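Chain by chain, the residues run as shown.
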Amino acid sequence: MQTSTTSKLLVSDIASSVDRVPSSYIRQISDRPNISDVDIFGDSIPLIDLQELYGPSRANIIHQFAHACSSYSFFQIKNHGVPEKTIERMMTVAREFFHQPESERVKHYSADTKKTTRLSTSFNVGSEKVSNWRDFLRLHCLPIEDFINEWPSHPVSFREITAEYATSVRALVLILLEAISESLGLEKDRVSNTLGKHGQHMALNYYPPCPQPDLTFGLPGHKDPNLITVLLQDEVSGLQVFKEGKWIAVHPIPNTFIVNMGDQMQVISNDKYKSVLHRAVVNSDKERISIPTFYCPSFDAVVGPQQELINEEEDSPAIYRSFTYAEYYEKFWDRALATESCIDTFKISKT
């Protein structure tokens, strides 16, 4: 007797047995990907070569950061210092995890958004009306020793490989934060110093082939709630960024990362660097894996615009009130994923 798709927790266990998208995944016509309107060949996001960051061309690279962060809020980086072998091993073990039998994967399943290690599906199954064609494993990973024993023990190399990857990416993030801080005209350690003890989360996103990719999303348009996101993706396209009224496809380039600003960077920079809408579309032929690292303040850190970026006399007042990251994080996870950010609820009203 065949198991009903409705009894399955994960979309990856539904996808292989259906030739049509179940109704719970179908978006309203006005809210579908409309792939024909996406800019596939034109403008893309900047690519910054980090090789010269500590050489005589540093000022030029910092200028590139300022342009990329203010004009796009998304950019790609190469010569980033994360070993190619570390990246390959991470992508391989992520694929191995999602290819395990259902019985092994669902051991980690939880719909509780407060759990620090959990496998789930869509985005927030407790609050959304339409599901997304995505499964994900979410991990907290700073400090690693506090969380590693919660992580999956299968595949057997999962913890070791993921810890190595998370450590390498954190080192990269700290370099990026210095450059971004300088590009704002701040001391290079200023942004890092606003983050309290720092926080680092990862997601392993799995987007199985979809029989009708024009009816649903892997993830709909949204902005990230954290400080910055560093994304590793496989060779399958799916990421799209919203710029100047249209969606732009961001095609994978081997051995690069994609970096984007999150809501906390928008607050800290007092709107100089804005969080930007992005989404993931799916396809009918190939599975896709992406691995974002979300770098953020620790929950007790107080976030607000940096004083040097506020000038009441020159019409640059503080746009946001200060708040703890815990307050922001709770608001974000207390709802379905939406195009509107939580950030507006922290704006100082102009009375």
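Here the structure is a predicted model, which means the values were calculated and not measured.

A. Spatial organisation of the packing of helix α2 (residues 58–71) against helix α6 (residues 158–183). Their axes nearest at 8 Å, the elements α2 and α6 cross at an angle of 80°. On the basis of the axis angle, α2 is roughly perpendicular to α6. The segment α2 lies against α6, with Arg58, Ile62, Phe65, Ala66 and Cys69 engaging Leu176, Glu178, Ala179, Ile180, Glu182 and Ser183. Residue composition of the contact of α2 with α6, grouped by class: seven nonpolar, one polar and three charged.

B. Structural context of the environment of Gly245. Summarising the element assignment, Gly245 is placed in the loop between β8 (239–243) and β9 (246–249). Remark: the alpha-carbon pair of Gly245 and Ile40, spanning 205 residues in sequence, is separated by 14 Å.

C. Representation of the sheet that holds strand β11 (residues 278–280) in the model. A sheet is described by the order of its strands in space; here four strands give the open sequence β6-β11-β8-β9, paired in antiparallel fashion. This sheet does not close on itself; its edge strands, each paired only once, are β6 (219–222) and β9. Within the sheet, the average angular offset between the axes of one strand and its neighbour, ignoring direction, is 20°. As paired elements, β8 and β9 share four bridges and run antiparallel to each other. Bridge pairing in β9 places Lys243 opposite Lys246.

D. Inspection of empty space enclosed by the protein at higher detail. With the rule as written, the count across this model stands at one cavity of 30 Å³ or more. Together, 29 residues line the largest cavity, and Leu219, His222, Asp224, Pro292 and Phe294 are the ones closest to its centre. Looking at the lining of the largest cavity, the elements with two or more residues in it are β4 (135–140), β5 (199–207), β6, β7 (228–233), β10 (257–261), β11, β12 (288–296) and α9 (325–333). Per element, the largest residue contribution to the lining of the largest cavity is four residues, and it comes from β12. Residue classes in the lining of the largest cavity are distributed as 16 nonpolar, seven polar and six charged.

E. The arrangement of the pattern of salt bridges in detail. Counted according to the given criterion, the structure contains 14 salt bridges. Taking the shortest distance from any N to any O, the salt bridge between Glu327 and Arg321 comes out at 2.8 Å. Residue classification places Arg321 among the partly exposed residues on the basis of a relative accessible area of 33%. Members of the salt-bridge network, linked through shared partners, are Arg89, Glu160 and Glu164.

F. Focus on the sheet that holds β10. The eight strands lie next to each other as β1-β2-β10-β7-β12-β5-β4-β3, forming an open sheet whose pairing is mixed. This sheet does not close on itself; its edge strands, each paired only once, are β1 (47–49) and β3 (117–121). Put simply, the sheet's adjacent strands are angled 25° from each other on average, direction ignored. Bridging between β4 and β5 involves six bridges; their strand directions are antiparallel. Bridge pairing in β5 links Phe136 to Asn205. Strands β1, β2 (74–78) and β10 of the sheet are contacted by α2, whose axis makes an angle of about 160° with β1.

G. How the structure looks around the UniProt feature "domain: Fe2OG dioxygenase" (unreviewed entry) in the protein chain. Sites flagged by UniProt as "domain: Fe2OG dioxygenase" (unreviewed entry) map to residues 197–297. Across residues 197–297, helical content stands at 6% and strand content at 45%; the span's end C-alpha atoms are separated by 7 Å.

H. Highlighting α2. Taking 1.5 Å as the rise per residue, α2 with 14 residues should run 20 Å; its terminal C-alpha atoms sit 20 Å apart, in good agreement. Within α2, the full set of buried residues consists of Arg58, Ile61, Ile62, Phe65, Ala66, Ala68 and Cys69. Against β1, β2, α6 and β10 lie the buried residues of α2. Trailing α2 by a residue or two, Ser73 shows a phi angle of about 65°, which is positive.

Rules and cut-offs
Within each chain, residues carry numbers counting from 1 in the order of the written sequence. Totals for whole chains, interfaces and linings use all residues, but because this is a predicted model, local features are given only for residues with pLDDT of at least 70 and pairs of side-chain atoms are given and counted only at 80 or more. Only hydrogens and water are removed before side-chain values are computed, so all heavy atoms of the structure are retained for them. Every axis corresponds to a line fitted to the C-alpha atoms, with the helix fit spanning only the stretch in contact, and the corresponding angles, defined between N-to-C directions, vary from 0 to 180 degrees. Elements are defined by DSSP. Helices are runs of H or I of four residues or more, strands are runs of E of two residues or more, and each kind is numbered from the N terminus. Our angle categories are set so that under 35 degrees counts as roughly parallel, over 145 as roughly antiparallel, 65 to 115 as roughly perpendicular, and the remainder as oblique. Here, residues are in contact when the closest pair of their heavy atoms is within 4.5 Å. Gly counts as polar in this scheme, as do all residues outside two lists: the nonpolar Ala, Val, Leu, Ile, Met, Phe, Trp, Tyr, Cys and Pro, and the charged Asp, Glu, Lys and Arg. What makes two strands pair is DSSP finding at least two bridges between them. Only protein atoms enter the calculation, which uses a 1 Å grid: trapped sets of points that fit a 1.4 Å probe without letting it out are cavities, open sets showing protein on both sides within 12 Å along at least five of seven lines are pockets, and any residue with an atom within 4 Å of a point is a lining residue. Grid points are joined across faces, edges and corners, and a volume is the space filled by probe spheres set on the points. The working definition used for a salt bridge is a side-chain nitrogen of Lys or Arg within 4 Å of a carboxyl oxygen of Asp or Glu. Between buried and exposed lies partly exposed: a residue is buried under 20% and exposed over 50% of the maximum accessible area for its type, with that area taken using a 1.4 Å probe on protein chains only. UniProt positions are given in the numbering used here, feature names are shortened, and annotations may be inferred rather than shown by experiment. For a helix, the expected span equals 1.5 Å multiplied by the residue count minus one.

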